[in-house]
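Below are the chains, spelled out letter by letter.
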Amino acid sequence: MIKVLLAEDMHMVRGALVALLAYEPDIKVVAEVASGTAIVPAVLEHRPDVAVIDIDLPGMDGLTAAAEVHERVPSCRTLILTSLGRPGTLRRALSARVNGFLLKDAPADKLAKAVREVSVGLRVVDAELALAAWDSEACPLTSRELEVLRLTEQGADPGDIAGRLCLSAGTVRNYLTSVVSKLNARNRVDAIRIAKDAGWL
């Protein structure tokens, strides 16, 4: 029996996924969570074989949670579900060492197949998306620049970001200027849009 944790914030979608997996005789959903911050505690409590995680979750995004699961409970495999079929998003998922990456609009039978394959150590990635990622441009931003841009996207000003990251406000502004320049953006808002469209945020 493959034990699965399901992390999805939309109740109707989560219920549909649970119902879909309930038809499979060798798969059992042992835990359901609605936020990214609830994933690791649930994995530690229920010890699933596979965590099926939506990429966009409140509290902590799915990729950050998947990386933390990999670090804290390496026996638990991670399968990311997303409606964002962007090459940059796949690159981020692979950097987070997820075991599978499945688009939400994939046929229903692919989910159970992906859970089975991931549970035995195989990598599952949509073929078209993998080819697109191969051909796409890598993110030109450093991890610190991405972190500053992500916090800016969440509404934090340079002073708030400086406090959170133990930097000076001037250093934060320099990072933001660098981001705008590297992305050939008009301003910070445009830089956020460009990074999101590319799947880097």
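Rules used in this analysis
- The numbering scheme is per chain: residues are counted from 1 as the chain's sequence reads.
- Local features in this predicted model are restricted to residues whose pLDDT is 70 or higher, and side-chain atom pairs enter the listing and the counts only when it is 80 or higher, whereas totals over whole chains, interfaces and linings include all residues.
- Note that the side-chain values use all heavy atoms of the structure and ignore hydrogens as well as water.
- Only DSSP runs of H or I covering at least 4 residues are called helices, and only runs of E covering at least 2 are called strands; the numbering of each starts at the N terminus.
- Radius of gyration: C-alpha atoms only; globule rule: 2.2 Å multiplied by the number of residues to the exponent 0.38.
- Only protein chains enter the accessibility calculation, which uses a 1.4 Å probe. A residue is then buried if its area is under 20% of the maximum for its type, exposed if over 50%, and partly exposed in between.
- Residue contacts are defined here by distance: any two heavy atoms, one from each residue, within 4.5 Å place the two residues in contact.
- By the convention used here, strands pair only if DSSP detects at least 2 bridges between them.
- Looking down the strands as they point away from the viewer, one classifies a crossover as right-handed if the path from the first strand across the helix to the second runs clockwise.
- A 3.5 Å cut-off defines polar contacts: any pair of N or O atoms within that distance qualifies, except that in protein one atom must be a possible hydrogen donor and the other a possible acceptor, and neighbouring residues in sequence count only when both atoms are side-chain atoms.

### Some details on the overall build of the protein chain
Phase 1: Helices and strands together make up the secondary structure of the protein chain, namely 10 helices and 6 strands.
Phase 2: Against the globule reference of 17 Å for 201 residues, the protein chain gives a C-alpha radius of gyration of 18 Å, in line with a compact fold.
Phase 3: Burial statistics for the protein chain: of 201 residues in total, 41% are counted as buried.
Phase 4: Considering only intrachain contacts with a sequence separation of at least 6, the fraction spanning at least 24 residues in the protein chain is 64%.

### Let's talk about the environment of Ile55
Phase 1: As for its placement among the helices and strands, Ile55 is situated in the loop between β3 (50–54) and α3 (62–72).
Phase 2: Judged by relative accessible area, Ile55 falls into the buried class, the value being 5%.
Phase 3: For the pair Ile55 and Ile80, spaced 25 residues apart in the sequence, the C-alpha separation amounts to 6.2 Å.

### A word on the pairing of strand β2 (residues 27–33)
Phase 1: Pairing of strand β1 (residues 2–7) with β2 involves 6 bridges; the strand directions are parallel. Residue pairing in the sheet places Lys3 in a bridge with Lys28 of β2.
Phase 2: Since β1 and β2 lie parallel, the crossover through helix α1 (residues 11–22) that links them has a hand, and here it is right-handed.

### Describing the side chain of Asp190
Phase 1: Here Asp190 is to be found in helix α10 (residues 188–198).
Phase 2: Of note is the side chain of Asp190, whose polar atom sits 2.9 Å from the backbone nitrogen of Arg186.

### Looking at the pairing of strand β5 (residues 100–103)
Phase 1: Residues of β5 alternate between two faces, with Gly100 and Leu102 on one and Phe101 and Leu103 on the opposite face, all of them buried.
Phase 2: Pairing analysis gives 4 bridges linking strand β4 (residues 77–82) to β5, with the strands arranged parallel. Counterpart to Thr82 in the pairing with β5 is Leu103.
Phase 3: In the sheet, β5 pairs with strand β6 (residues 124–125) via 2 bridges, with the strands oriented parallel. Paired with Phe101 across the two strands is Val125, which belongs to β6.

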